[in-house]
Amino acid sequence: MKLFATTLCTLGALASFAGAASPPPVYGPTPTSQQVDWLRMEWYAFVHFGLNTYTNREWGYGDESPAQFNPVAFDAKKITSVFKEAGMSGMIYTAKHHDGWCAWPTKSTEHNIRKAAWKNGKGDVVREFANACKASGIKFGTYLSPWDRNCAEYGRPGYLRVYYKQIEELLTQYGDIFEIWFDGAMGGDGYYGGAKENRNIGEADKYYDYAEVVRRIRRLQPDCIIWGASGRGDAVWGGSEKGFVSYPLWNIQNNKWISLEGDTPINHRGWFWHPGQKNAVKDPQTLMKVYLSSVGLGANLILNLAPDRNGRLDQADVDSLLAFGAARRELLSKDYALGAAAKASEVRGKDKRFNAAKLTDGNIESYWCPNDGTTSGSVEIRLERETTFDVIRLREQIRLGQRVESFSVDAWLDGEWKTIVEAGKPGEKERGLDAVRGGKGHTIGHQVMRWLNEPVTTRKIRLNIVRAKACPCISELSLLRMPEILPKPAIRAQGNGQYTLETHADCTTYYTLDGSTPRNSSPVYKEGSTISFQGPGQIKACYINNRTGNSGPVGTLNVGYPRQAKGDAAAACDDNPDTFWHSATRPATIELDLGSKREIASFSYLPRQDGKVQDMTDRYLLELSNDGKQWKNVAEGEFSNLRANPVELEVAITPQQARFARLTATRALEGKGCSVAELKFYPPQKEEADSDTEKSKKNRRKSNKTRNRR
Ligand code: FUL
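All of these numbers come straight from a predicted model, not from anything done at the bench. (Residues numbered from 1 in each chain as written. Predicted model: local features only at pLDDT ≥ 70, side-chain atom pairs only at ≥ 80, totals over all residues. Heavy atoms only, no water.)

## Let's talk about helix H8 (residues 210–220)
Item 1. Every buried residue of H8 is listed here: Tyr210, Glu212, Val213, Val214 and Ile217.
Item 2. In this fold, the buried residues of H8 make contact with helix H6 (158–173), strand S4 (179–182), helix H7 (204–208) and strand S7 (225–228). (Buried < 20%, exposed > 50% of the residue type's maximum accessible area, 1.4 Å probe, protein only. Helix = DSSP H or I, 4+ residues; strand = E, 2+ residues; numbered from the N terminus. Contact = heavy atoms within 4.5 Å.)

Following this line, the structure appears as structure tokens:
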């Protein structure tokens, strides 16, 4: 707050010193200097790592044995150097997740790392990460779950003493914490010191007394960004665990400046590490879309990478992260508008300190601004030569408040102005990863990036501020070029063991059915044809650019045993994620016939994918049988975190032979019924041969290095 006031005074002092036009008065809520600095961090890592890593769960129940935490190869510095290399500005570690286990030797509870096998109970993951971040030159932050399924006192006033103690320890023993995360998940069933019951806390804001939490944190670390906390802090959730935030984006809630953060795991399997996840990593092109639909809309991005049971990151996750990091660096490496001449329809008091050249001077603090009362206007930018770009980035001087509601951009093409970014209209909304391409111009705020449908080549562009709440203060206009990022081919089931692959311009699509990595000696996919594969196993496919020989990331589809449903459950085994079996009542059971006796080591459940949580199954009982008459109960549990992140979850069971399987849906998130989009059964996984992994690593290195501009 203090720093922010100083900056404003400086802006004012400069104006009176020059004796010319003064800066416009602040409009509406403004960010603190901490919020401004934080927005400039853009993206950082999330690290989910704890007992769930060992139990293959997303949410622990609270009764897990702390002894199992034993990451024998954990090297925090190795992990933080990867983040640094990718260009991330920090990391946030789950010091405590919902299971209540503390990854540091806290005095607040016995359920902590002192009981771990790791380092004979002398380890401290929080300390190792905090030190490693410092050594790597990135910032360190922490996640401390308010919901605690272990603590006997949870739900009662006594828990707050425990929780506040934990906050105090984390904020006083580990140096600077740039952000502390207060997750919104709260209350429900849990172990609670052995009570094993449901605990409802009512309103989170009241129960945790977030006003008090915020006061305590401000006292201990005034520069720490407080995330969540019922909106009492500095930043809140962007609203999806897919990483995108909604656009237009206003940083204003309850009359104060609140920034947004988009969050998503790099791996489709979830926030914690899960066996078999290496085939489920988001490819660099998807990560670029995630980036553009969070950071590119004026929010921050927190991208999760989860260490495995040995404490190491999966190579596949690291490869994808680094490839995206390199593409982002390339995207931002050259601003084609830098230093270009600019002319505005109006300049505040005709004072050159507010003229249009401020848009292209590369200084994020200076800005173009018309007179008070002028809420629309335009700036023409003349480039030195014909220039090709496909991403336009704009920034407002947010220290003076967020103002712009609608803008458009024109390019001078074939002797006339043509609109390349259309002005946004009131009431329109943009949501989702695919909306980033060809989007309209609504808010600007800290920054907005618009990725055009096609690259544009021109010498002249024009920015039109169509509507603003007060005179616009635009600090930057940049023209950028998106590097080529090959996606992975989508693999689509057509039913009855038939599959089609996506194709890509200028590329050949190669695939394999034996689990090996496709390369240019693998079978070639012909557009429009179908591949026959009965499973179980994996279909893998990738693009190789015909001109450059670069190979893109590998797409993988896990195919389970062929299966048939009894009764009306065909939709749960048609391999089509968009259809689902549904029952209006609960509990309800699906029975599958795998055709013959099979060795079953795991099963996966895909929840309904239509964006609704009504009747979404989140507790189950699994039984197996050899004859369809005598059943054996083999697994029972919770499919966690589906409300926020409804992804496919795979559950490992003790490998055993069976022909029939039956899943009973015993609970759902909402409603009286239940549903299942896909239910699959798998044999024990064969690891890829070492030589193959080596070759694929080389391939990946090659494709990372030689990525070309279009
Ligand atoms: C959610 C939690 O419930 C998930 O487990 C995860 O930690 C995610 C980042 O936030 O609300």
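Having seen it, we continue.
## A closer look at the site of the ligand
Item 1. The ligand sits among Phe46, His48, Trp59, His97, His98, Tyr143, Asp183, Ala185, Glu241, Asp263, Trp271 and Asn641.
Item 2. His98 places a side-chain nitrogen or oxygen 2.8 Å from an oxygen atom of the ligand.
Item 3. In the environment of the ligand, an oxygen atom lies 3.5 Å from a nitrogen or oxygen atom belonging to the side chain of Asn641.
Item 4. Contact with the protein chains hides 94% of the accessible area of the ligand, taken as 290 Å² for the molecule alone. (Near = heavy atom within 4 Å. Polar contact = N/O pair within 3.5 Å; in protein donor to acceptor, adjacent residues only side chain to side chain. Areas by Shrake-Rupley, 256 points an atom, 1.4 Å probe, with all protein chains shown as cover.)

## Some thoughts on the packing of aromatic side chains
Item 1. All chains considered together, the criterion is met by 33 aromatic pairs.
Item 2. Ring geometry for Tyr54 versus Phe69: centroids 5.6 Å apart, planes at 70°, classification edge-to-face. Of the two residues, Tyr54 sits in helix H3 (residues 52–55) while Phe69 sits in the loop between H3 and helix H4 (76–86), which places them 15 residues apart along the sequence.
Item 3. Residue Tyr54 is classed as buried on the basis of its relative accessible area, which comes to 14%.
Item 4. Judged by centre distance (5.9 Å) and plane angle (75°), the rings of Tyr154 and Tyr207 are edge-to-face. In this pair, Tyr154 is assigned in the loop between strand S3 (139–144) and H6 and Tyr207 in helix H7, connecting sequence segments 53 residues apart. Assigned by exposure class, Tyr154 and Tyr207 land together as buried.
Item 5. Ring-pair connections join several aromatic residues into one group, and the members of that group are Phe49, Tyr54, Phe69, Phe74, Tyr93, Trp101, Trp118 and Phe129.
Item 6. Positioned above the aromatic ring of Tyr247 is the side chain of Arg450, whose terminal nitrogen or guanidinium carbon lies 4.7 Å from the ring centre.
Item 7. It is Lys460 that lies over the ring of Trp412; its NZ or CZ is 4.2 Å from the centre. (Phe/Tyr/Trp six-rings, centres within 6.5 Å; stacked < 30°, edge-to-face > 60°. Lys NZ or Arg CZ within 6 Å of the ring centre and 35° of its normal.)

## Structural notes on the packing of H6 against H8
Item 1. Where H6 meets H8, the closest approach of the two axes is 10 Å, and the angle between their N-to-C directions is 20°. The angle between H6 and H8 falls in the class roughly parallel. Judged by the sense of rotation from one axis to the other, the crossing of H6 with H8 is right-handed. Together, Tyr164, Ile167, Glu168, Leu171 and Thr172 of H6 and Glu212, Val213, Arg216, Ile217 and Leu220 of H8 make up the contact between the two elements. (Axes fitted to C-alpha atoms, helices over the stretch in contact; angles between N-to-C directions. Parallel < 35°, antiparallel > 145°, perpendicular 65-115°, else oblique. Left-handed = near helix turned anticlockwise from the far one by under 90°.)

## Some thoughts on the confidence of the model for the chain
Predicted coordinates in areas of low pLDDT are best not read in detail.
Item 1. This prediction gives the chain a mean pLDDT of 93; 94% of its residues lie at or above 70.
Item 2. Low pLDDT, under 50, characterises residues 1–10; the stretch is placed with 12 contacts to residues that sit more than four places away or in other chains. (pLDDT = per-residue confidence, 0-100.)

## Brief notes about the packing of helix H9 (residues 284–292) against helix H10 (residues 315–333)
Item 1. H10 packs onto H9 with a crossing angle of 55° between their chain directions and a minimal axis gap of 9 Å. With respect to H10, the axis of H9 lies oblique. As for the relative orientation of H9 and H10, their crossing is right-handed in sense. For the pair H9 and H10, the contacting residues are Pro284, Leu287, Met288 and Tyr291 in the first and Ser320, Leu321, Ala323, Phe324, Ala327, Arg328, Leu331 and Leu332 in the second.
Item 2. In terms of residue class, the contact of H9 with H10 is made up of 10 nonpolar, one polar and one charged. (Nonpolar A, V, L, I, M, F, W, Y, C, P; charged D, E, K, R; others polar.)

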